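Geometric and topological summary
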Amino acid sequence: MSEGVTSEIMQIGMQPFMTFVNVESSRAYIDDLYSPDSDKCLESLICIKNSVIGSNRQKESVIAQGIVPRLMQILKDRNLKTNLRLEAAVIIGSLAKGMADHVELLLNCGTIPLLLEILEENEKLLIDVCLCCLRTLALHDKGSLSTTYTLQQLQKLLSFVNPSENIPRQACVATILSCACKGPVEQKALCAAGAPQVLAVMLCMQHIAVRIPTLTCLAAMCYENKEVAAEVANTVYHDVMIPNLLVSLLSRDKPIEMQLEASKCLTNIYRAGALSAFDTIIANRTLPCLVRLCQAEHALPYRIAAAENLGYLTEVDSELQQTAAISNQLIGSLTDLLNSSDTAARRAAFRNNSVDICRAFASLGANDEDIRKRIIETNRLMGRVVEGLGDEDEGIRLAAVRCLHSLSRSVQQLRTTFQDHSVWRPLMSLLTVFATGSPPPELLSAASSALCNLLLEFSPAKEPMLQQGAVQLLATLTTRPEASLRLNGVWALMNLAFQSEQRVKSQILTALGTDQIFRLLADSDTGVLMKTLGLLRNLVSPRAHTDTMMALHGSQVMQAVVLVLEGPHSPDVKEQALCILANIADGERAKDYIMANEDVLKKLTDYMTHPSTRLQTAAIFCIGNLVRRGEAGALERQQRLRDMGVLTILHQLVSTPDSLLFDKVKAAMTQFTDL
């Protein structure tokens, strides 16, 4: 509904038109608002209405004079004449179209519950105005005051959209309901109120003003909600399921806004798990529609929206990514949205719109090396991504980091294009600034994930990043409250420790400190624990480093291993701890740390007979390293383990049906020297 009111509303009572009056200088009209004389009150309402429509300054003045509670009192009073209440509703609706603080005041005053209460009445025109006002407030109601509708209220709203109702009323309700879908609770409530069946009917109405908000509502209902998406996907109207109704709206002869919203609905239904990536509706209709809408023939806002939707559609399925990448010169079309030889206005367009394009690139290149190569080779893309890392806009930084993370999965590009553009510099700068602050966790998570790849053993960026303080930065990440950031921090350190020089390994242990290592080993997130064990495993290998690292930090490493072996962990976790012991047992002098620890030796023999063959295999591999013949002290170690019954257990395990376990048993037995 526009800032002005409909002619139907304006004609109520047919009061003579009053000339525009500046409310700020007409205190009499404000005073008359409180008059018991209904004619004076109506005259005041009309004056205020004519004043505030279209003028934020007048809205500010009216609000400052404290008349909002009086307007709500008039609107609520069923004993007053309808035309008084109607004028009050129109004024409130106009104020709702004002500045953000105007809307906040109305929300704080309980305007939405009052409007919902009036919907239970039978005054048709008053209901229409209240629905328009509700729609305006709902579009702004995104903060802590987000409205939760009861089942009865949702059913009442849905009752206003049957085919016999007027078009503006249907459009208002669809928008209100789409704004109500802020999370799984609201999505399920709408589903329970019968929204899927009602919205299916609305999809078949021939008015774009109804269909567009209906599509928006369906998309919001299905977003990342498997249960609701399945309900929507299985809803039938006139023997046609909703996904098939949506497909009919993807045709070229439909308005572009409708095509975009219908494709968004289908994308959300698919991503929620209610449709398969192999379904022809997704692979042969939704995907081609979005690719087509990314083309240069369409207006920029539509192309941006299509690219965003395409990125979400292809984010997790490699076949969809491959299909999209070879479709209709898509990569070139997306690049065209980022690259421009025009003026600063085009550069501003990049700032405002590059978020969605970078996301589309990131999704396309997520799982396929060839696609990543084609994307990176596209003209100036990497330059744009690097620029985005330093952008002031948070959304652009996040999109650029996501794209960088996706492209960093390419080994070849890490060694070439990434090095040519020194991508690590802006990434390190971004992480250094934010690691100890409070930026969006999603941004830090994506940036630290990219950092993990840049620190792999073969990456040429590894050494310069070390020199710029990568170790301390990553150690700081391991202290973050977010599990994803702790995981990325320790994961990157694990990558960094792999086949590194001893100085780097010592630097890692010094930066983390013993206390932090133990905190990570006690982390409630299994992923963090597993990567911490992987880090320790890399620190005490290869064999050339084992003795030195154990001489410097042996007691802490052994304490960490025992902590895990004694804890209530899964076989996967304990297997990693046993592998660390196997690495220690591979050293020449490091073996002594195990042989001197009676408790650890007892645990090794216990795990040799564990129900999990994986733990048996890991324990016996460690035993094999301890008794390896030809090494100093081997005979003494063999004798001690014989006395503990190790050789007897090995003989008992020769009959195991597990081939890997059998190989380890035989290898360990051959190391024992007959005495």
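The rules we used
Residues numbered from 1 in each chain as written. Predicted model: local features only at pLDDT ≥ 70, side-chain atom pairs only at ≥ 80, totals over all residues. Heavy atoms only, no water. Helix = DSSP H or I, 4+ residues; strand = E, 2+ residues; numbered from the N terminus. Buried < 20%, exposed > 50% of the residue type's maximum accessible area, 1.4 Å probe, protein only. Areas by Shrake-Rupley, 256 points an atom, 1.4 Å probe, with all protein chains shown as cover. Contact = heavy atoms within 4.5 Å. Axes fitted to C-alpha atoms, helices over the stretch in contact; angles between N-to-C directions. Parallel < 35°, antiparallel > 145°, perpendicular 65-115°, else oblique. Left-handed = near helix turned anticlockwise from the far one by under 90°. Nonpolar A, V, L, I, M, F, W, Y, C, P; charged D, E, K, R; others polar. Expected span 1.5 Å × (residues − 1). Polar contact = N/O pair within 3.5 Å; in protein donor to acceptor, adjacent residues only side chain to side chain. Lys, Arg positive; Asp, Glu negative; His and termini not counted. Salt bridge = Lys/Arg side-chain N within 4 Å of Asp/Glu carboxyl O. Core = buried A, V, L, I, M, F, W, Y, C linked by side-chain atoms within 4.5 Å. Phe/Tyr/Trp six-rings, centres within 6.5 Å; stacked < 30°, edge-to-face > 60°. Lys NZ or Arg CZ within 6 Å of the ring centre and 35° of its normal. pLDDT = per-residue confidence, 0-100.

Going by an unreviewed UniProt entry, the protein carries the name Armadillo repeat-containing protein 8 and comes from Agrilus planipennis.

This brings us to the overall build of the protein. A count of helical and extended segments in the protein gives 42 helices and two strands. Here the protein, with 675 residues, has 56% of them falling under the buried criterion. Roughly 28,500 Å² of accessible area belongs to the protein as shown, and the carbon and sulfur atoms make up 52% of that amount.

Let us now look at the environment of A220. With respect to the helices and strands, A220 occurs in helix α14 (residues 208–222). What makes A220 buried here is its relative accessible area of 18%. In this view, A220 contacts S178, C181 and Q187; residues no more than four positions away in its chain are not counted.

For the pair helix α31 (residues 470–477) and helix α33 (residues 502–521), interaxial distance at closest approach is 9 Å and the crossing angle is 40°. Here α31 is positioned oblique relative to α33, judged by the angle of their axes. Handedness of the crossing formed by α31 with α33: right-handed. Taken together, the residues of α33 that come into contact with α31 (itself represented by V471, Q472 and A475) are Q507, I508, A511 and L512. For the contact of α31 with α33, a count of residues per class yields five nonpolar, two polar and no charged.

Let us look at helix α3 (residues 38–52). Taking 1.5 Å per residue, 15 residues should reach 21 Å; α3 reaches 21 Å between its end C-alpha atoms and fits that length. Of all 15 residues making up α3, 11 are buried, and the element is well covered by its neighbours. Turning to α3, its buried residues are C41, L42, S44, L45, I46, C47, I48, K49, N50, S51 and V52. Residue D37 occupies the N-cap position of α3, its side-chain oxygen lying 2.9 Å from the main-chain nitrogen of D39. At the C-terminal side of α3, G54 shows a positive phi close to 85°.

You can see D547 is positioned in helix α35 (residues 543–566). Lacking a salt bridge, the buried D547 has R589 as its closest oppositely charged neighbour, with an N-O distance of 4.1 Å. Engagement of the side chain of D547 in a polar contact is seen with the backbone nitrogen of E588, the distance being 3.1 Å.

This part takes up the environment of A174. Summarising the element assignment, A174 is placed in helix α11 (residues 167–180). Separated by 37 residues in sequence, A174 and R211 place their C-alpha atoms 8.7 Å apart.

Further remarks concern the nonpolar core. Ranked by internal contacts, the top residues of the largest apolar core, which has 112 residues, are L45, L75, L119, L131, L137, L157 and M221. In terms of residues, this core owes the most to one element, helix α9 (residues 124–140), which gives 10 residues. Discounting chain neighbours no more than four positions away, the residues touching L119 are I127, C130, L131, L134, K156, L157 and F160. By size, the runner-up hydrophobic cluster in this structure holds 100 residues, among which are M382, V573, A619 and L653.

A full pass over the atoms with the stated rule returns 22 salt bridges. Here K603 ties to E566 by a salt bridge, and the two come within 3.1 Å at their closest N and O atoms. Here the residue K603 occupies a position in helix α38 (residues 598–608), and E566 occupies one in helix α35, the gap between them amounting to 37 residues. Given a relative accessible area of 13%, K603 falls into the buried group. Of the residues examined, E566 reaches a relative accessible area of 52% and is grouped as exposed.

Another aspect to go through is the packing of helix α25 (residues 394–407) against helix α29 (residues 441–454). Running from amino to carboxyl end, α25 crosses α29 at an angle of 25°, the nearest separation of the two axes being 9 Å. Accordingly, the angle class assigned to the pair α25 and α29 is roughly parallel. Where α25 crosses over α29, the handedness of that crossing is left-handed. Taking contact as the criterion, the partners of R397, L398, V401, R402, L404 and H405 in α25 are, on α29, E442, L443, A446, A447, S449, A450 and N453. For the contact of α25 with α29, the residue count by class is seven nonpolar, three polar and three charged.

Counted by the stated rule, this structure contains one aromatic pair. Above the plane of the ring of Y312 lies R271, whose end atom (NZ or CZ) is 4.2 Å from the centre. The residue whose ring lies beneath K531 is W491, and the NZ or CZ to ring-centre distance is 4.1 Å.

Here we take up the confidence of the model for the protein. Confidence in the prediction for the protein averages 82 pLDDT; 83% of positions are at 70 or higher. Confidence scores differ between elements of the protein, with helix α1 (residues 7–10) showing the lowest mean pLDDT of 37 and helix α16 (residues 242–247) the highest of 96. Across residues 4–21, confidence stays below pLDDT 50; counting only partners more than four residues off in sequence or on other chains, it has 29 contacts. Here residues 340–358 is a poorly scored stretch, pLDDT under 50, and it has 33 contacts once near neighbours within four places are set aside; other chains count.

This part takes up unusual backbone geometry. Following S541, the chain continues into P542 via a peptide bond in cis, with omega recorded as 0°. Tracing the chain through its elements places P542 in the loop between α34 (526–539) and α35. Positive phi values are uncommon outside glycine, yet H238 reaches one of about 55°.

This part covers the environment of T648. By secondary structure assignment, the location of T648 is in helix α41 (residues 646–653). On the basis of relative accessibility, which here comes to 47%, the residue T648 falls in the partly exposed class. Along the sequence, T648 and M669 sit 21 residues apart, while their C-alpha atoms lie 10.0 Å from each other.

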